[in-house]
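Topology and contacts: notes
Okay, here's what each chain looks like letter by letter:
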Amino acid sequence: MAETKDQEYFQMSTGKGDLGSIQIAPDVLTVIAGIAAHEVDGVAATRGNFAAGVVELLGKKVHGKGIKTDISAKGLFIDVFCTVRYGKSVPTIAQEVQQNVRQAILNMTGLEVKEVNVHVTGIQFETQENN
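Residues numbered from 1 in each chain as written. Predicted model: local features only at pLDDT ≥ 70, side-chain atom pairs only at ≥ 80, totals over all residues. Heavy atoms only, no water.

Focus: the overall build of the chain
- Each helix and strand in the chain was counted, giving three helices and six strands.
- Sequence-ordered secondary structure for the chain, helices as α and strands as β, is β-β-α-β-α-β-β-α-β.
- Residues counted as buried form 33% of the 131 residues belonging to the chain.
- Across the chain, contacts joining residues at least 24 apart in sequence account for 67% of those joining residues at least 6 apart.
- Counting every atom, the chain has about 8,500 Å² of accessible surface; 51% of that belongs to carbon and sulfur. (Helix = DSSP H or I, 4+ residues; strand = E, 2+ residues; numbered from the N terminus. Buried < 20%, exposed > 50% of the residue type's maximum accessible area, 1.4 Å probe, protein only. Contact = heavy atoms within 4.5 Å. Areas by Shrake-Rupley, 256 points an atom, 1.4 Å probe, with all protein chains shown as cover.)

Right, dumping it as structure tokens:
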């Protein structure tokens, strides 16, 4: 779901006394946002595509699944597509995801996120074992 393949690296400036340039790949931002979204209690999963599902079946964790990043002249925009656990408040979970993603990106990269859009794609019900 990380639709960032044809975008350039994000160039950062570190101020005066530069020792060189810092470039952040859009996939890095996608992974940070994915991990931050999963840290919120009440987020059951993030939606991915078929390829991400196959990769996870083979044992590899796809952290950027269900995250779309858009870096433009207007700023950094992140879309999170997630499933919420039954019984949790959807608006509360969505706000926590927004805050957690925004804070994680800021702490790890120093970048300000313009928008974090949360798309709740489903509710996960608890399954009970039949005895």
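Some points on helix α3 (residues 90-109)
- In this model α3 runs 28 Å from its N-terminal to its C-terminal C-alpha over 20 residues, within 8% of the 28 Å that 1.5 Å per residue would give.
- A positive phi of about 80° marks G110, the residue just after α3. (Expected span 1.5 Å × (residues − 1).)

A closer look at the pattern of salt bridges
- One pass over the full model with this rule turns up one salt bridge.
- Among the ionic pairs, D41 bridges to K88, the shortest N-O distance being 3.3 Å. Placement of D41 in the loop between α1 (26-38) and β3 (43-46) and of K88 in the loop between β5 (75-85) and α3 is noted, with a sequence separation of 47 residues between them. (Salt bridge = Lys/Arg side-chain N within 4 Å of Asp/Glu carboxyl O.)

Some remarks on the side chain of T69
- Its location among the elements puts T69 in strand β4 (residues 67-72).
- Residue classification places T69 among the buried positions, given a relative accessible area of 1%.
- A polar contact is formed between the side chain of T69 and the side chain of T30, at a distance of 3.4 Å. (Polar contact = N/O pair within 3.5 Å; in protein donor to acceptor, adjacent residues only side chain to side chain.)

Comments concerning the environment of I78
- Looking at the secondary structure, you find I78 in strand β5.
- Assessed through its relative accessible area of 0%, I78 is described here as buried.
- Residues I78 and L29, spaced 49 residues apart in sequence, show a C-alpha to C-alpha distance of 9.0 Å.
- Beyond its immediate chain neighbours, meaning those up to four positions away, I78 contacts A33, I67, K68, T69, V101, I105, V113, E115, V116 and N117.

Description of the packing of α1 against α3
- For the pair α1 and α3, interaxial distance at closest approach is 8 Å and the crossing angle is 135°. For the element pair α1 / α3, the angle class is oblique. Crossing geometry of α1 relative to α3 is assigned as right-handed. Taken together, the residues of α3 that come into contact with α1 (itself represented by L29, I32, A33, A36 and A37) are V97, N100, V101, A104, I105, M108 and T109. (Axes fitted to C-alpha atoms, helices over the stretch in contact; angles between N-to-C directions. Parallel < 35°, antiparallel > 145°, perpendicular 65-115°, else oblique. Left-handed = near helix turned anticlockwise from the far one by under 90°.)

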